[in-house]
Amino acid sequence: MLNIAWYTLRSRLSAFTGTFIALMLGAALLSTMGLVLAASVTSHEHGPGRFAKAPVIVRGEPDLSMSDPWGGIESEPLKEPKGLAPALVRDVSAVGKAVADRTFYAQLGGSGTARSGPSDQVGHPWSSAAFGGYRLLRGQAPAGAGEVAVPAKSGAAPGERVTVLTASGPRPFTVSGVTDDVSFESALFFSDAEAAALSPRVDALVSYGDVDKVRTAVEDRAQVLAGADRVQADPRAHADEVALVGVSTMLGMATGVAAFVAAFVVGTTFAFSVAQRRRELAVLRATGATPVQVGKLVLAEAALVGAVASAAGCLLGLAGGPALAGRMSAWGLAPEWFRVRLGWSTLLVLVLAFLIGVLLAVLGSGVAVVRAGRIRPLEALRESAVERRAMNALRWLAGIAALAVGGVLLLATPLLPPAYWGDITPMAAPALIVAGALLCPVVIPFVVRVVTAPFAALRGAGPMLVQANTVTALRRTAATVAPVLITVGLFSALWSTSGTLSGVARSEAYERVRGNDFVVAPDHTPGLSRAVVDKVRAVPGIETATTVPTGVYTIPGPNLLVFPAGAPLLPYDALTVAPKALGGLLTLPVVHGDARGLDDRSIIVDETWNRHVGDTVTVWLADGTEKRLKVVAVTKASAGGSAAVLTPKYAGRALPDAVYVKLAKGADRAAVQRELGTAVRGMSARAVPIAGYRAAVDDTVNQQTRMALLIVGGIAMLYTGVAVANTLTMSTGQRARELAVLRLGGATPGQLLRMVAGESVLVAGTGVVMAAVVVALNAAGLWAGLQQLVVSTRVTLPGLPFAVTAGACVVVALLATVLPAWVALRTPAVRLTTTE
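Since we're looking at a predicted model, the values are computed, not measured.

Draft legend 1. Structural view of the overall build of the chain. Per the secondary structure count, the chain includes 23 helices and 23 strands. Counting across all 836 residues of the chain, residues that qualify as buried make up 50%. Sequence-distant contacts in the chain: of pairs separated by 6 or more residues, those separated by 24 or more amount to 81%. A total of about 37200 Å² of accessible surface is found on the chain, and carbon and sulfur atoms cover 61% of it.

Draft legend 2. Highlighting the environment of Ala94. Checked against the element boundaries, Ala94 lands in helix H3 (residues 86-95). Taking the C-alpha atoms as reference, Ala94 lies 10.0 Å from Ser207; in sequence the two are 113 residues apart.

Draft legend 3. Main features of helix H13 (residues 428-452). End to end, H13 covers just 30 Å across 25 residues, shorter than the expected 36 Å (1.5 Å per residue, more than 12% under). Helix geometry: H13 is bent most strongly at Cys440, by close to 75 degrees, with proline Pro441 lying one to four residues after it.

Draft legend 4. Up close: the sheet that holds strand E1 (residues 56-59). Strand order in the open sheet formed by 4 strands is E4-E12-E1-E13, with antiparallel pairing between adjacent strands. Pairing within the sheet leaves two strands with one partner each, and these edge strands are strand E4 (98-101) and strand E13 (223-226). When the angles between neighbouring strand axes are averaged without regard to direction, this sheet yields 25 degrees. Where E1 meets E13, 4 bridges bridge the pair, whose relative direction is antiparallel. By the bridge assignment for E13, Ile57 is matched with Leu225. Strands in contact with helix H5 (residues 211-218) are E1, strand E12 (204-207) and E13; relative to E13, the strand with the most contacts, it is inclined by about 170 degrees.

Draft legend 5. Here's a closer look at H5. Within H5 the residues assigned to the buried category are Val214, Ala217 and Val218. The buried residues of H5 occupy an angular sector of 95 degrees when projected down its axis, which confines them to one face. In this structure, H5 carries Lys213 and Thr216 as exposed residues pointing more than 90 degrees from its buried face. The secondary structure elements touched by the buried residues of H5 are E1, H3, E12 and E13. The backbone nitrogen of Asp212 has a side-chain oxygen 3.1 Å away, supplied by the residue at the start of H5, namely Asp210.

Draft legend 6. Molecular detail of the packing of helix H11 (residues 393-412) against H13. Where H11 contacts H13, the axes come no closer than 8 Å and their chain directions differ by 150 degrees. In terms of orientation, H11 and H13 fall into the roughly antiparallel class. Taken as a pair, H11 and H13 cross one another with a handedness that is left-handed. Packed against H11, whose contacting residues are Arg395, Trp396, Ala398, Gly399, Ile400, Ala402, Leu403, Val405, Gly406, Gly407, Leu409 and Leu410, the element H13 presents Ala428, Ala431, Leu432, Val434, Ala435, Ala437, Leu438, Leu439, Cys440, Pro441 and Val442 at the interface. Residues that form the contact of H11 with H13 fall into these classes: 19 nonpolar, 3 polar and 1 charged.

Draft legend 7. Layout of the confidence of the model for the chain. With 79% of its residues at a pLDDT of 70 or more, the chain has an overall mean of 80. Note that residues 697-702 has pLDDT below 50 and, in this model, 4 contacts with residues that lie over four places away or in other chains.

Draft legend 8. Quick peek at the packing of aromatic side chains. Under the counting rule described, the total for this entry stands at 8 aromatic pairs. Centre to centre, the rings of Phe173 and Phe190 are 5.3 Å apart; their planes meet at 70 degrees, and the pair counts as edge-to-face. Residue Phe173 is found in strand E10 (residues 169-179), and its partner Phe190 is found in strand E11 (residues 187-190); the two are separated by 17 residues along the sequence. With respect to burial, Phe173 and Phe190 carry one shared label: buried. Site record: aromatic cluster; members linked through ring pairs are Trp126, Tyr134, Phe184 and Phe189. Its end group placed over the ring of Phe51, Arg50 keeps NZ or CZ at 4.8 Å from the ring centre. A cation sits over an aromatic face here: Lys97 above Tyr208, 4.9 Å from the ring centre.

Draft legend 9. Structural view of the nonpolar core. Residues Leu485, Val488 and Phe802 are the most contacted members of the largest nonpolar core, which totals 33 residues. Going through the elements one at a time, H11, H13, helix H15 (474-513), helix H21 (749-786) and helix H22 (799-825) are the ones with two or more residues in this core. Here this core gets 10 residues from one element, more than from any other, and that element is H15.

Draft legend 10. Up close: the side chain of Glu185. Turning to its location among the elements, Glu185 is positioned in the loop between E10 and E11. Taking relative accessible area as the criterion, Glu185 reaches 13% and is therefore assigned buried. Within the structure, the side chain of Glu185 is placed 3.2 Å from the side chain of His124, a separation counted as a polar contact. At 2.8 Å, the side chain of Glu185 forms a polar contact with the side chain of Tyr134. Every residue in contact with Glu185, bar those within four places of it in the chain, is listed here: Arg50, Val122, His124, Tyr134 and Pro235.

Draft legend 11. Here's a closer look at the pattern of salt bridges. By the definition in use, this model includes 11 salt bridges. One salt bridge connects Arg50 with Glu185, and the closest N-O pair in it is separated by 3.7 Å. Here Arg50 is found in the loop between helix H2 (13-42) and E1, whereas its partner Glu185 is found in the loop between E10 and E11, with 135 residues between them in sequence. Residues Arg50 and Glu185 agree in their burial class; the two are buried. In this structure, Arg596 and Asp594 form a salt bridge, with 3.3 Å as the shortest nitrogen-oxygen distance. For Arg596, a relative accessible area of 62% translates into the label exposed. Here Asp594 falls in the partly exposed class, since its relative accessible area comes to 37%. Residues joined in a network through salt bridges with shared partners are Arg50, Asp101 and Glu185.

Draft legend 12. Representation of unusual backbone geometry. A positive phi angle is found at His524, which is not glycine, with a value near 65 degrees. Of note, His524 is situated in the loop between strand E14 (518-522) and helix H16 (530-537). Taking the relative accessible area as the measure of exposure, His524 reaches 68% and is therefore exposed. Phi is positive for Asn610, which is not a glycine, with a value near 55 degrees. In this structure, Asn610 sits in the loop between strand E18 (602-606) and strand E19 (616-620). Relative accessible area serves as the criterion here: at 18%, Asn610 is assigned to the buried category.

Draft legend 13. Broad picture of the pairing of E19. Inspection of the sheet shows strand E15 (residues 542-554) paired to E19 by 2 bridges, in the antiparallel sense. Within E19, the residue paired with Tyr553 across the bridge is Trp620.

Draft legend 14. Structural detail: a nonpolar patch on the surface. Among the surface-exposed residues, Trp344, Leu348, Leu352 and Ile356 lie close enough to one another that they form a single nonpolar patch of about 440 Å² accessible area. Within the secondary structure layout, Leu348 lies in helix H9 (residues 344-373).

Draft legend 15. Just the pairing of E12, in detail. Residues Ala204 and Val206 of E12 are buried on one face, and the alternating residues Leu205 and Ser207, pointing to the opposite face, are buried as well. Sheet topology note: the E1/E12 ladder contains 4 bridges and is antiparallel. Across the sheet, residue Val58 finds its bridge partner in E12, namely Leu205. Relative to E12, E4 runs antiparallel, the two sharing 4 bridges. By the bridge assignment, Val99 is partnered in E12 with Val206.

What counts, and at which threshold
Residues numbered from 1 in each chain as written. Predicted model: local features only at pLDDT ≥ 70, side-chain atom pairs only at ≥ 80, totals over all residues. Heavy atoms only, no water. Helix = DSSP H or I, 4+ residues; strand = E, 2+ residues; numbered from the N terminus. Buried < 20%, exposed > 50% of the residue type's maximum accessible area, 1.4 Å probe, protein only. Contact = heavy atoms within 4.5 Å. Areas by Shrake-Rupley, 256 points an atom, 1.4 Å probe, with all protein chains shown as cover. Expected span 1.5 Å × (residues − 1). Bend = angle between axes of the 7 residues up to and from the residue. Pairing = 2+ DSSP bridges. Axes fitted to C-alpha atoms, helices over the stretch in contact; angles between N-to-C directions. Arc of directions from axis to C-beta. Polar contact = N/O pair within 3.5 Å; in protein donor to acceptor, adjacent residues only side chain to side chain. Parallel < 35°, antiparallel > 145°, perpendicular 65-115°, else oblique. Left-handed = near helix turned anticlockwise from the far one by under 90°. Nonpolar A, V, L, I, M, F, W, Y, C, P; charged D, E, K, R; others polar. pLDDT = per-residue confidence, 0-100. Phe/Tyr/Trp six-rings, centres within 6.5 Å; stacked < 30°, edge-to-face > 60°. Lys NZ or Arg CZ within 6 Å of the ring centre and 35° of its normal. Core = buried A, V, L, I, M, F, W, Y, C linked by side-chain atoms within 4.5 Å. Salt bridge = Lys/Arg side-chain N within 4 Å of Asp/Glu carboxyl O. Patch = residues over 30% accessible without salt bridge, like charges linked within 9 Å, V, L, I, M, F, W, Y side chains within 5 Å.

Structure follows, in C-alpha cells:
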C-alpha cells in the first residue's frame, strides 16, 4: 500500500501541494513555539554576575515559605527581604574575613554633561565592587565623603560635579572614577563609610571563611550561598525569573493558539483535499477496492505527506526558534541572555512537533476517508457537487460543548470580583471561537443569505451564482471561514479584553484621588525622596496625602468557589497612607466598615480576602515580619488597585509613589501651583493638576501584554493567510472545468473573474461577520461585568485591530482566487471541457 501511495503522490504532486504547505508550516509553528517555550522552562541563569568573584555569600532569607493546602511547601518571594542582624555579622566575621555589602537607592541626576541614570540604578560600597568584576577605567576609587564612582555610559568624567538622587533627597558628589559597564546592573559606588551612612543596613555579607564553618555560625538565621547557588543573590535573578515566567505564560498561550490553528487548518485542508478526490476514490471502489483498502491508501498518502512536510517544518522551526528568542530579548520580553540552545529539550520538542504533524495529517485524512468509504461506488460517481452533510455527531457535540463553556465564562464575569476577570474573561472568546469554527457549516448558509440579501434585487445571474456557489460548497467555505474567524475573532477579542481591563484599573486608580487638585509624582525615578515630600507638605494652603506602595502576604478566608480545596498563601499589593487622609484626599470603595478607623493595629482589605469587619487576620509584611491585624473595613475588589491599606508604620524602605494635594478653603489655586513648582524644581519630581495626571496615566500602555497579543496575532495571521490561500487556490484550480462551461454558455472572462472575486469576498466576509459576533458577545460580557463597578469605564472596542486583520484576510482571499482563475481562463474553454 505504501508503494501505491508513493506512486500516487508522484503523479499528483499538485493535488497535495496545499496540504504539504499547511502541514509544513504547522510543524514549523509548533516547533518554533515549542523550542522557545522549552528554553524558557529549562534555561538557567548565565552566572553569578554581581557576586561572580565572591566565595561565600550570606544574605537574609529571600522567600516566605509555609505549608499549602495540598501538603506541599509554598514559597513567595519577599518584596523587601530583611537585612542581617549585627550579631549575625559579628558571628560570621569571626569565622574569617567578611565584607559587608549594601544595596540602596542611588540614581545619577542630570547635571553638567552627565546623563540621568536609569530608574533602577543602585548604590554600593566600593569594597564590594570587586565581587562583580568592576574595573576602574579612569580616575580612582571613592575614598572620602562626597565622592562617587559612576558607570562609563553615564558620560561623566573624573573631577566633575554631579547630583545623586537618594532616598533622603538629591545630594552633590564629585566623580572620583569611572567604572566599566556591566550587563547585570547600573551602579554607583561610594566609600564604605559613605555607603553605611546612606544605608546603615547590611544586606549581604561576603565571607572568605570555610563554607561549613560559615553555615555553622549562621545556623538558620540567614541563607548561605556558595558555588552555583551564588546566582540566586544576583540582582537580576528575581527579575529574570519573573521575565521567564512571563515568557512561559505568553509562549504557552501562543503555542496553544498555534496548536489549535494548526490542528484545525491541517484537518480541514486535508479533509477538503480528500473530498475533492471522491470521484477518484469511487473509481477505485468500482474496480474492486474495499473501503478498508481505500482507507489504507489515503492514510498511507497522509502519512508520507505528513512525514516529509513535518520534517521540513521542523527544520524551519530549528531556525525560527532561535530567531524568535532573539527578537523577544531585543524587545525586552525576555532577559538579555535568553537564547534557544541545542540540547535534549530541543531534540524532544522537534520529535514531538514531527509526530504531531504526522498525526494531524493522518487524523485529517482519516475522518474524510471514513465518510467516503461508506458511499457506494455508483452513488459516488454520480454524486453532485452539493455537499449535503458537512457535520457529524462528534463535531456537533464538540461545538455545542464549546459554546456552552463560552457562555458560562461570559456569565461568570459579572458574578466574580474584578480581580478575577484577568484569569476568567480572556478564556471566553477562545471558547466561542472554537464553537464557531466547529459549527460554521451550520451557520454559514444563514449568514450568507443575510449578507447577500441586499444584492438579491440586483439584475443578472452574478449575485445568484455567488450565493449558490458559496452555500453549496460548504466544505470549501467552512475551510476558509474557520481560519478567518480564528484570526480576526481571537486577536480582536483579546485586544478588547486587555484594553478594557487596563481601562478599569486606570479608572479605579483615578476614582480614588479625583477629589484632589494636584498630584506630585516621580519624574523618571522609582519614587519620591523624603526631601520632596517635606517640601510639598511645607507649601501653605494645602492638605496632603502621601502614598507608599508595599506588599503583604496572607492566607485568604474560605471560599468554595475560588478555593474549594483551601486557600494557599497569596501575595497582595498594599498601600500605606495616613488614616486622616482617608475619606477626604483618598476615597476607597468601602462596602463594609469605616476606613477612618484605620490605625497601626488594623488593616483595610478588599473582597478577595474573604474576610469580614472585626476579623483578626495574620499577615506577613514585605520583609516577612508576621503581624496580627484587625479588619476595620472591606472594600470592593478592583481590577488593578491595592488589595490592602495600612498605616505608614508598615511602609518599609519603599519610596512614596505620589503626594496628593488638596487646596484648603480660600487658598489661591494659581499661587499654590507656583509654590508646588518651586518645591519640586530640581528634585526629579513633577507637580501637575489631577486631570493632567489622569491623562498621563491613560497614555501608559502595558507594552508586554500588547506585544504578546501582537505575537499571537502575527502567528494566527500568518497561518490563516496560508490556510485561506491553500483552500481557495486548490478549489479554484479544481473549478477550471466549471469556469469553462460557463464561458461556453456565454459568460465573459470579466464576468467570471468578478464572480470568483465576489465568492472570495463573501466567504472571507462570512468569517469576519462571525468574528464580529464573537467580539460583540465578548464585549457584552465585559460590559455586564463593568456594571458592578463604582467607576465609569467603557469597553474597549478593537476597531483598528479588527479592521486590519479583516482587511488582510479579504485581500489574501481575493488574490488566492482571482489569480488562479485568471490563469485558468487563459486556457481555451473547449480544451478544458474535453480533458480531465
